[in-house]
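# Secondary and tertiary structure notes
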Amino acid sequence: METKTLSVTPPDLKEAAEILHNGGLVAFPTETVYGLGADACSNRAVARIFQAKGRPSFNPLIAHVADIRMARAFAHFDDIALRLAAAFWPGPLTLVLPLRENSGMSPLASAGLNTIGLRVPEHRAAQMLLEEFGGPIAAPSANRSGQISPTTAAHVLAGLTGRIEAVLDDGPCPVGLESTIIGFEGGATLLRAGGLPMEVIESCLGKPLRFISKTDPVTAPGQLASHYAPNARVRLNATTKNEGEMLLGFGSVEGADLNLSPSHDMVEAAANLFGYLHQLDAMGAKTIAVSTIPDTGLGRAINDRLRRAAAPRS
């Protein structure tokens, strides 16, 4: 596809917002790095982020919001989270918070977890885009997976030209380092160091931050990948459905209880993955048999997720 370079003018901002509303991808600057933006409430749009980046697994993403009011529509804040938001938003701070029930946030954005990373960016272009779009924008760094994070539009274009619809160019990012991420399970916890020094956060709280341990759950980017697993057991590369199993199909599969994509569309399959696992759990599945997924392109991320779901449990 053609990747447009847009400027921070009303017509171009309107075009960028329309691309997002239509399920497209728009890279945009924040004070930290350029983010690869998609409608955070659209499974298919978020799936395209992973496809464009060549991301090997469905890690939790950060959803960018316009202000605290929008953030509170999607997540629950305790007193400590509110204090940090009041002190450092807008700015390079991400808060990992419990999702509200029926929030509308894409399960792919949260990697199937019951928490979501939220941030209010300070950069004027990000603020203007969020205002024009009117909803949350999921946005990891706008680079191919494993490559250096981009701090200019040229960096974005070098890696993602032809893979995304547009980049909103507003010059270099002033901070140039990803946001600091704070979680709240067991107290305010540093999940990722970043553009806001931990000492400044500790001064605001009046006490030290916790640090993650090996036993803490994974809830944010920058941590080891470990994601939602259904209550049911998972059996991979199934060609038939055994007695007592429910079948999660892919492609032309007979007898599937749900099918990730009858037409072999990897983006559709990724978009449906977490939601269908949840549905099969709710349907009372004891074992979920999963059809073979080709291990190419976005299929690698789908298989990475399924292998983790199928891993032996303690």
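This part is about the overall build of the protein. Within the protein one finds nine helices and 15 strands. Taking 314 residues into account, the globule formula puts the C-alpha radius of gyration at 20 Å, and the protein, at 20 Å, falls close to it. Along the first, second and third principal axes, the C-alpha set of the protein runs to 55 × 50 × 30 Å. Here the protein holds 314 residues, and the buried ones make up 55% of them. Partitioning the intrachain contacts of the protein with sequence separation of at least 6 by distance along the chain shows that 67% fall at a separation of at least 24. Carbon together with sulfur atoms contributes 50% to the accessible area of the protein, which is approximately 13,500 Å² in total.

Attention now moves to the side chain of Thr30. Turning to its location among the elements, Thr30 is positioned in the loop between β2 (26–29) and β3 (34–39). Judged by relative accessible area, which is 1%, Thr30 ranks as buried. At 2.7 Å, the side chain of Thr30 and the side chain of Thr32 are in polar contact. Separated by 2.8 Å, the side chain of Thr30 and the backbone oxygen of Val33 make a polar contact. Aside from chain neighbours lying at most four places away, what touches Thr30 is His64, Arg119, Pro121, His123, Ala126, Cys173 and Pro174.

In terms of strand pairing, strand β9 (residues 180–183) meets strand β10 (residues 189–192) through three bridges, oriented antiparallel. Paired with Ile181 across the two strands is Arg192, which belongs to β10. Where β9 folds back on β10, the antiparallel hairpin that results is connected by five residues, among which Gly186 adopts a positive phi of roughly 80 degrees. As defined by bridge partners, β10 adjoins strand β11 (residues 210–211) across two bridges and the pair is classed as parallel. By the bridge assignment, Thr189 is partnered in β11 with Arg210. In this view, the connection linking β10 to its parallel neighbour β11 by way of helix α7 (residues 198–205) has right-handed handedness.

Scored by pLDDT, the protein has a mean of 91; 94% of the residues are at 70 or more. In the model, residues 222–228 has pLDDT below 50 throughout and makes 23 contacts with residues more than four positions away in sequence or in other chains.

On to the environment of Leu84, then. Within the fold, Leu84 resides in helix α4 (residues 79–88). Between the C-alpha atoms of Leu84 and Leu95, which are 11 residues apart in sequence, the distance is 8.6 Å. Setting aside anything within four residues of it in sequence, one finds Leu84 in contact with Trp89, Leu93, Leu95, Ile182, Phe184, Ile201, Cys204 and Leu205.

What follows deals with the environment of Val167. Tracing the backbone through its elements, the reader meets Val167 in strand β8 (residues 166–168). Each C-alpha atom, one on Val167 and one on Gly195, is 23 Å from the other, the two residues being 28 residues apart in sequence. Filtering out sequence-adjacent residues up to four positions away, Val167 remains in contact with Thr3, Lys4, Thr5, Leu6, Ala27, Tyr34, Ala153, Val156 and Leu157.

Locating Asp39 in the fold gives a position in strand β3. Buried and without a salt bridge, Asp39 has Arg48 as its closest oppositely charged side chain, separated by 12 Å. Within the local environment of Asp39, its side chain forms a polar contact with the backbone nitrogen of Cys41, the two atoms lying 2.9 Å apart. Setting aside its immediate chain neighbours within four residues, Asp39 contacts Leu20, Ala45, Val46, Phe133 and Pro136.

The next thing to look at is the sheet that holds β3. Backbone-to-backbone hydrogen bonds join strands into a sheet, with any given pair of strands oriented parallel or antiparallel. Strand order in the open sheet formed by 11 strands is β1-β8-β2-β3-β7-β4-β6-β5-β9-β10-β11, with mixed pairing between adjacent strands. The sheet is open, and its two edges are formed by β1 (4–6) and β11, each paired on a single side. Of the strands in this sheet, β1, β2, β3, β7 (137–138) and β8 touch helix α1 (residues 10–21), which is tilted by about 130 degrees from β1.

Rules used throughout
- Residues numbered from 1 in each chain as written.
- Predicted model: local features only at pLDDT ≥ 70, side-chain atom pairs only at ≥ 80, totals over all residues.
- Heavy atoms only, no water.
- Helix = DSSP H or I, 4+ residues; strand = E, 2+ residues; numbered from the N terminus.
- Rg over C-alpha atoms; globule rule 2.2 N^0.38 Å.
- Buried < 20%, exposed > 50% of the residue type's maximum accessible area, 1.4 Å probe, protein only.
- Contact = heavy atoms within 4.5 Å.
- Areas by Shrake-Rupley, 256 points an atom, 1.4 Å probe, with all protein chains shown as cover.
- Polar contact = N/O pair within 3.5 Å; in protein donor to acceptor, adjacent residues only side chain to side chain.
- Pairing = 2+ DSSP bridges.
- Right-handed = clockwise from strand over helix to strand, strands pointing away.
- pLDDT = per-residue confidence, 0-100.
- Lys, Arg positive; Asp, Glu negative; His and termini not counted.
- Salt bridge = Lys/Arg side-chain N within 4 Å of Asp/Glu carboxyl O.
- Axes fitted to C-alpha atoms, helices over the stretch in contact; angles between N-to-C directions.

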